[in-house]
Amino acid sequence: MRRSKLFLPTLKENPSEASINSHRLMLRAGMIRQSSSGIYTWLPLGYKVLRNIEKIIRFEQNIISQELLMPTIQDSEIWKKSGRFNDYGKEMLKFKDRHEHELLYGPTNEELITDIFSKNIMSYKSLPLCLYHIQWKFRDEIRPRFGVMRGREFLMKDAYSFDKNKDDAIECYNRMFLNYLRIFDKMELKAIPVAADTGPIGGDLSHEFIILAETGESDVFLDKNILNEKIPNIKYDDPISISKLVNKLTSYYTAADDKHDHDRYLKSVKEENRIKTRGIEVGHLFYFGDKYSRPLGANIANEKGVNIPVEMGSYGIGVSRLVGGIIDAHHDDKGICWPESVAPYIIGIINLRQNDVPCSQLSEKIYDSLKNNNIEVLYDDRDEGAGNKLAEMDLIGIPWQIRIGPRGIKNGYFELLNRKTSEIQEISINDTAKITNIILG
Ligand code: 5CA
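Q: Whenever I open this one, the packing of aromatic side chains confuses me. Can you help?
A: For any two aromatic rings, the description comes down to two numbers: the centre-to-centre distance and the angle of the planes. A full pass over the atoms with the stated rule returns 12 aromatic pairs. Ring centres 4.2 Å apart and planes at 10 degrees place the aromatic pair F117 and F162 in the stacked group. Linking F117 in helix α5 (residues 110-120) with F162 in strand β8 (residues 153-163), this pair joins segments that are 45 residues apart in sequence. Judged on exposure class, the residue F117 and its partner F162 are both buried. Aromatic rings pair up to connect F177, Y180, F184 and F209 into one cluster. Sitting over the ring of Y345, K48 keeps its end group 4.7 Å from the ring centre. In this structure, K80 is placed above the aromatic ring of F85, and the distance from its NZ or CZ to the ring centre is 5.0 Å.

Printed below as a string of structure tokens:
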């Protein structure tokens, strides 16, 4: 992509409405614009990151689950059956169609997926089944804040599992636990599983995945040894090893403020291992048995031919929140430092002297060769001052930068900079193929 053609309205000054780094940087880097409180337009650069996050989630979820797509608008009838139509309270946006029929904008999808299941699956023989979608939700939060972190309209990955008994349902819960560790790891996030309250979703087993950031909304207390745990190479069809891993990780003391037990914390974690920080909840697992299947009549015939309510769980990831979460974990005073797995472009070319023929020729040559190698590249071909171009490339956080200027060319080289480490390599103008080798590792 040529920068001269890209719709990228960056801001030089810090916007006054943003109080945390990720919100400030998303506005400054031209990724989002607010359309109304807690509701955002995703501009091209931000949308590319959002899609990359979705791609990682899809890749991992497709191993243990199947993707479908449910609508954003739901019928109130199924919510009346589950009892949540009134219980959900003011966070749910309700409205009527022209026939005075009550509808709502889905804040979550337990009822709808249970209804689909109940009309199509009758026997334990079709189980286990796990379905997910990535869809916009609306929750009329009292205090939308921190940009995409607590929005009213936000993108969620929500998965729903159906099993014939509790043991199988817990196996699925554990598979999802491992799947989440892998998803967040690919985004270069250290996500800590924390025992959680179940809130309006319900059930008696639940974990949040929290990334540590000073700007997080909740206090988190933990045993720092959990930070050294590595994700083992376990297969999804090995429930015993997965269960051991989950037991090991959940045996560390970790708690957000709502579940924190200070006496137990002091007793079970040595003083030097205690960490109190803040965190951002990026994922949430729930096991709730028959809470929805019973009222909505989602029954299956078991091995003995007896009809029983199907066992269920639900598993969310805050897709749009993750964009902010990743920025909070990966930035410096110049701007964002994207992990390559989610970066909007892998490499940026900065032509420091646009009107200089050798500079432009070399920039165009490298631009073409990177495109031919299917590497996502942004070429800053604008006739702008070098300082502005460098500052903007730092701000938008592309992992690699190529800097091409007249002085370097005269001496036979250009620079390749790693945005995160600031390490600069000089590369011969006759060896442009080296760039691909370095960035592809
Ligand atoms: N149905 C269940 C799981 S599928 C559910 O709705 N869980 S949740 O309420 O915990 O939401 C799932 C994830 O969505 C959360 O972990 C969080 O990362 C994200 N999320 C929740 N509310 C918001 C919000 N207002 N803005 C941005 N992301 C949010």
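Q: Help me understand the sheet that holds strand β20 (residues 377-380) in this model?
A: Strands pair in a sheet through their backbones, by hydrogen bonds, and they do so in one of two ways: parallel or antiparallel. On the basis of which strands lie adjacent, the open sheet formed by five strands has the order β20-β19-β21-β22-β23 and mixed pairing. In this open sheet, the two strands that pair with only one neighbour each are β20 and β23 (424-428). Taken over all neighbouring pairs, the strand axes of this sheet differ in orientation by 20 degrees on average, direction set aside. Examined bridge by bridge, strand β21 (residues 400-404) and strand β22 (residues 413-418) share four bridges and lie antiparallel to one another.

Q: Hey, could you run me through unusual backbone geometry in this one?
A: Negative phi characterises most residues that are not glycine, and trans characterises most peptide bonds. In this structure, the amide linkage connecting L127 to the following residue, P128, adopts the cis form with an omega of 0 degrees. Relative to the helices and strands, P128 is located in the loop between α5 and β7 (129-138). Despite not being glycine, F146 shows a phi value in the positive range, around 60 degrees. Relative to the helices and strands, F146 resides in the loop between β7 and β8. Its identity is not glycine, yet S422 carries a phi of approximately 65 degrees, on the positive side. Checked against the element boundaries, S422 lands in the loop between β22 and β23. Note on S422: relative accessible area 40%, which makes it partly exposed.

Cut-offs and rules
- Residues numbered from 1 in each chain as written.
- Predicted model: local features only at pLDDT ≥ 70, side-chain atom pairs only at ≥ 80, totals over all residues.
- Heavy atoms only, no water.
- Phe/Tyr/Trp six-rings, centres within 6.5 Å; stacked < 30°, edge-to-face > 60°.
- Helix = DSSP H or I, 4+ residues; strand = E, 2+ residues; numbered from the N terminus.
- Buried < 20%, exposed > 50% of the residue type's maximum accessible area, 1.4 Å probe, protein only.
- Lys NZ or Arg CZ within 6 Å of the ring centre and 35° of its normal.
- Pairing = 2+ DSSP bridges.
- Axes fitted to C-alpha atoms, helices over the stretch in contact; angles between N-to-C directions.

Just distances and angles here, no functional claims.
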